[in-house]
Amino acid sequence: MSLAAAEAAGGTVGHEPAAPPRRRGSGGYLLLLPGMLWLVLFFLVPTIQLVATSLYDPNGSLDAGYAMTWSFPNYWNALTSFTAPFLRSLVYAAVSTGLALLLAYPLAYAIAFKSGRWKNLMLVAVIAPFFTSFLVRTLAWKSILSDNGFVVNVLQALHILGPDGRLLATSVAVITGLTYNFLPFMVLPLYASLEKIDLRLIEASKDLYADGFTSFRKVTLPLSMPGLVAGTLLTFIPAAGDYINAELLGTPKQYMIGNVIDSLFLVQLDYPMAAACSVILMLAIVAMVLVYVRRAGTEELL
Amino acid sequence: MRAGRWLADHVVMMVAMLVLLYMFLPIFFVVLMSFNDPASRLSYEFDGFTLNNWLDPCGPSGMCASVVKSLQIGFLATLGATVLGTLVAFALVRHRFRGRAATSLLIFLPMATPEVVMGSSLLALFTSAGLSGTLGFWSILVAHIMFCLSFVVVTVKARLAGLDSSLEQAAMDLYATESQAFWRVTFPLVLPGIVAAALLSFSLSFDDFIITNLNAGQTTTFPMYVWGVARKTVPMQINVIGTLMLIVSITIVLIGELNNRRRAAAR
């Protein structure tokens, strides 16, 4: 169903014809008003409310109501109580983003340069996982990695896994699921970036006696950086906040910060603590994204 | 030497095929498991072939009701997000206004925020407004329109920015009024972008779990149903629904492709 995603990613490729002159007057504001009002009311205001909630008096309760006491210790408590899930979220997300990059680059490269008339078919194949439900797909991994399934059997036969070794309910299963679920978000921006590369530049590098590897490292890779940066962000951000894979493929030992936030909000009903965890996650991601984008030298993306 | 050359030429393609295989493996299992006859209540393995899941898709209590709920929310969220987002896209491409940078930032941020943060923000807002007892269909709808909106703006904007404005000018030169030029020339040309945005919205809404779960109250959508049974006994019928979604999606893709071919042939 998300063919649109591919079109959106691919649609920006190519030259852009002259845009019509932008009109003056109040028409623009009228068109903007309903949509932007929606985003202010249901995205911006809630985010401010989340920060406020994270500073409420932790001794209050949902029934009695919370008092605003600017209790910054909530943050310290959240960090010390849930250090492991926080770290796990960042590590799992980083590992699965790295794996997704390793898998996605050859695929995007093949689609951009080697696919010929199979290009459209391969692009549809990339977004095919979106054609069925996220949770049903994740549960399918439970069947694939199950204790008597062929993956475990093969690994046991190769003595990579011990005779009682299992994949399900381990970090390996959670990372496999995370990598799988966000892989298309890595492939599509990479493809869009590679597709734009002028092949004459690669030919020129060959003419100047660069071998295949040097030409890739000095020409193709730098030119695909915008897609690489966009892809890693589009994979890392949802993976860090995800808790479906940890819940379905792991055990409480694999729980990520999303599991903690969900249960604090819906089971323990500890709103200030839950909100503090959410804000910390958001700040951690914003900080990492800013540092990463600076490093990669692609500020114009933001 | 020649074999090495062939290998070097094709190794990327072979790796790519293996990656595609990895992406298809779970889909294959969804279809396979829709014919599974589980040996025990907690089995996740393929134990035997049966057509029973397909003959009785609505067997598990509450499952089909949750699918209907997801379809209703999906349609309404798509309608809302597509209309609001298309208007914003037109404003961004065709009009001058103050605060363009702030507007673009506000559209970009929801796409870069983890779902769990957006979901908990909305829950914090609804609770502080005293609405926590009323959460359900309406709050899910409000949330879905919010997170689909940005994707609609980006998709429609890309299409609109790629339009050749000389076509519109030609229409005006041929004495079309402004509204005629819009409805007969501009709108039909932007329509594929709007349709793509609507399909994207629908699949985002239908598939959303994290934001929905935090703001659903007592309402159960299909992803929430799957989440609920995943902790207990998983009825194989969820794979029937998964396979049906696959069939519908592939049909839509095929229709789109046929349309493209026909248009290309007409040129």
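Before any of the text, the structure's been laid out above.
1. Quick word on the overall build of chain B
No. 1: Looking only at helices and strands, one finds 11 helices and 0 strands in chain B.
No. 2: Counting from the amino terminus, helix and strand elements in chain B follow one another as α-α-α-α-α-α-α-α-α-α-α.
No. 3: Its C-alpha radius of gyration of 23 Å places chain B more than 25% over the 18 Å reference for a compact globule of 267 residues.
No. 4: With the C-alpha coordinates of chain B rotated into their principal frame, the extents come out at 75 × 75 × 40 Å.
No. 5: Burial statistics for chain B: of 267 residues in total, 44% are counted as buried.
No. 6: Long-range contacts, defined here as pairs at least 24 residues apart, represent 78% of the contacts in chain B between residues at least 6 apart.

2. As for the overall build of chain A
No. 1: Looking only at helices and strands, chain A has 14 helices and 0 strands in total.
No. 2: Scanning chain A from its N terminus toward the C terminus, one meets helices and strands in the order α-α-α-α-α-α-α-α-α-α-α-α-α-α.
No. 3: Viewed in the frame of its principal axes, chain A has a C-alpha envelope of about 75 × 75 × 35 Å.
No. 4: Within chain A, the proportion of its 302 residues that are buried is 48%.
No. 5: In chain A, once contacts between residues fewer than 6 apart in sequence are set aside, the share between residues at least 24 apart is 71%.

3. Describing the nonpolar core
No. 1: Ranked by internal contacts, the top residues of the largest apolar core, which has 158 residues, are Ala104, Ala108, Val187 and Cys277 of chain A together with Val88 of chain B.
No. 2: Element by element, the count of residues in this core is highest for helix α8 (residues 171–195) of chain A, at 15 residues.
No. 3: When residues of this core are sorted by domain, at least three fall in each of domain 1 (49–81 + 270–302) and domain 2 (84–269) of chain A.
No. 4: Apart from the residues lying within four places of it in its own chain, the contact partners of Ala108 of chain A are Val187, Leu190, Tyr191 and Leu194 of chain A.

4. Side note on unusual backbone geometry
No. 1: Phi is positive for Ala169 of chain A, close to 65°, though the residue is something other than glycine.
No. 2: Take Ala169 of chain A: it is sitting in the loop between α7 (150–157) and α8.
No. 3: Here Tyr175 of chain B, not a glycine, exhibits a phi torsion of approximately 70°, which is positive.
No. 4: Looking at where Tyr175 of chain B falls in the secondary structure, it is placed in the loop between α7 (165–173) and α8 (178–207).
No. 5: Overall, Tyr175 of chain B belongs to the exposed group, with 8 C-beta atoms counted inside 10 Å.

5. Digging into the interface of chain B and chain A
No. 1: Taken together, the 87 residues of chain B in the interface contact 84 residues of chain A.
No. 2: No other element matches helix α1 (residues 2–33) of chain B, which puts 15 residues into the side of chain B that touches chain A.
No. 3: The residue makeup of the side of chain B that touches chain A, split by class, is 62 nonpolar, 17 polar and 8 charged.

6. A word on the packing of helix α2 (residues 27–54) of chain A against helix α3 (residues 63–94) of chain B
No. 1: Relative orientation of the contacting elements α2 of chain A and α3 of chain B amounts to 135°, with a least axis distance of 8 Å. Taken together, the axes of α2 of chain A and α3 of chain B lie oblique to each other. In this structure, α2 of chain A crosses over α3 of chain B, and the sense of that crossing is left-handed. For the pair formed by α2 of chain A and α3 of chain B, the contact residues are Gly28, Leu31, Leu32, Pro34, Gly35, Met36 and Trp38 of chain A on the first element and Leu84, Gly85, Leu87, Val88, Phe90 and Ala91 of chain B on the second.

7. Brief notes about the environment of Val11 of chain B
No. 1: Residue placement: Val11 of chain B occurs in helix α1.
No. 2: Considering only alpha carbons, one finds Val11 of chain B and Ser132 of chain B, 121 residues apart in sequence, at a separation of 56 Å.

8. Regarding helix α4 (residues 83–114) of chain A
Residues and elements named next belong to chain A.
No. 1: For α4, which comprises 32 residues, the first-to-last C-alpha distance of 46 Å matches the rise-based estimate of 46 Å (1.5 Å per residue) to within 8%.
No. 2: The largest bend along α4 reaches roughly 30° and is located at Ala104, with the proline Pro106 sitting one to four residues downstream.
No. 3: Looking one or two places after α4, you find Gly116, whose phi comes out positive at around 60°.

Parameters and conventions
Residues numbered from 1 in each chain as written. Chains lettered and ligands numbered in written order. Predicted model: local features only at pLDDT ≥ 70, side-chain atom pairs only at ≥ 80, totals over all residues. Helix = DSSP H or I, 4+ residues; strand = E, 2+ residues; numbered from the N terminus. Rg over C-alpha atoms; globule rule 2.2 N^0.38 Å. Buried ≥ 20, exposed ≤ 12 C-beta atoms within 10 Å, placed from the backbone. Contact = placed C-beta atoms within 7 Å. Core = buried A, V, L, I, M, F, W, Y, C linked by C-beta atoms within 7 Å. Domains from an automatic or database assignment. Nonpolar A, V, L, I, M, F, W, Y, C, P; charged D, E, K, R; others polar. Axes fitted to C-alpha atoms, helices over the stretch in contact; angles between N-to-C directions. Parallel < 35°, antiparallel > 145°, perpendicular 65-115°, else oblique. Left-handed = near helix turned anticlockwise from the far one by under 90°. Expected span 1.5 Å × (residues − 1). Bend = angle between axes of the 7 residues up to and from the residue.

Taken by themselves, the reported measurements are silent on function.
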